[in-house]
Amino acid sequence: MDTSNPAVLVNGDLLRSYVGRRVRTVVQVVRPDAGGLTGRSTDEKQIVVKGQMPAPLTTFVEVIGVADSAQSIHAEIVTNFGDTFDTSNFNQLCQLANGDFRHLFI
């Protein structure tokens, strides 16, 4: 496993703290469009994902890429995560990964 360039787990609110850095998140696909998609984060924020998307898209996708702004990610990897996903649990995981238990995450 390559740990030289880790991606920080983020939700929509935390994304703004990592602009210019590599991030990882899960979004619900709201609208696929040319060159990307518009999605909803696990904390109900709108996120624009730019880059190559798998076809067909499932309801939820994991995105790994560089945060372009507080609301957008330039995707390096987009992985279908299926049509059901526990957004509450992922949102709590993001809070732990950026809080007191940060040292447990890469």
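Small disclaimer: the values here were computed from a predicted structure and weren't measured.

> Lay out the overall build of the protein with the relevant residues and their values.
A count of helices and strands for the protein gives two helices and six strands. Listing the helices and strands of the protein from first to last along the sequence gives β-α-β-β-β-β-β-α. Overall, the protein is about 35 × 25 × 25 Å in size when its C-alpha atoms are taken along their principal axes. Taken over 106 residues, the protein has a buried fraction of 39%. Of the contacts made within the protein by residues no fewer than 6 positions apart, 53% connect residues no fewer than 24 positions apart. Surface accessibility of the protein: about 6,000 Å² in total, with carbon and sulfur atoms responsible for 50%. Counting 9 positive and 11 negative side-chain charges, the protein places the averaged centre of each group 5 Å from the other.

> Go over the side chain of Thr25, please, and point to the residues and values.
The residue Thr25 is located in strand S2 (residues 22–33) in this model. Polar contacts involving the side chain of Thr25 include one to the main-chain carbonyl oxygen of Val10, which spans 2.6 Å. Thr25 has contacts with Val10, Asn11, Val61, Glu62, Val63, Ile73 and Phe90, leaving out every residue within four places of it along the chain.

> A description of the side chain of Glu62 should follow, citing residues and the corresponding values.
Along the polypeptide, Glu62 turns up in strand S5 (residues 60–69). Reaching out from Glu62, the side chain makes a polar contact with the side chain of Arg24 at a distance of 3.0 Å. Residues in contact with Glu62, not counting those within four places in the same chain, are Arg24, Thr25, Val26, Ile77, Val78, Thr79 and Phe81.

> Could you give an account of the environment of Ala7, naming the residues involved and the relevant values?
Mapped onto the elements, Ala7 comes out in the segment before strand S1 (8–9). The exposure class of Ala7 is buried, given its relative accessible area of 13%. Between the alpha carbons of Ala7 and Cys94 there is a distance of 12 Å; along the sequence they are 87 residues apart. With near-sequence residues (within four places) excluded, Ala7 lies in contact with Arg22, Val23, Arg24 and Ile64.

Definitions and cut-offs
Residues numbered from 1 in each chain as written. Predicted model: local features only at pLDDT ≥ 70, side-chain atom pairs only at ≥ 80, totals over all residues. Heavy atoms only, no water. Helix = DSSP H or I, 4+ residues; strand = E, 2+ residues; numbered from the N terminus. Buried < 20%, exposed > 50% of the residue type's maximum accessible area, 1.4 Å probe, protein only. Contact = heavy atoms within 4.5 Å. Areas by Shrake-Rupley, 256 points an atom, 1.4 Å probe, with all protein chains shown as cover. Lys, Arg positive; Asp, Glu negative; His and termini not counted. Charge placed at Lys NZ, Arg CZ, Asp CG, Glu CD. Polar contact = N/O pair within 3.5 Å; in protein donor to acceptor, adjacent residues only side chain to side chain.

Scope: geometric values only; no functional claims are made or implied.
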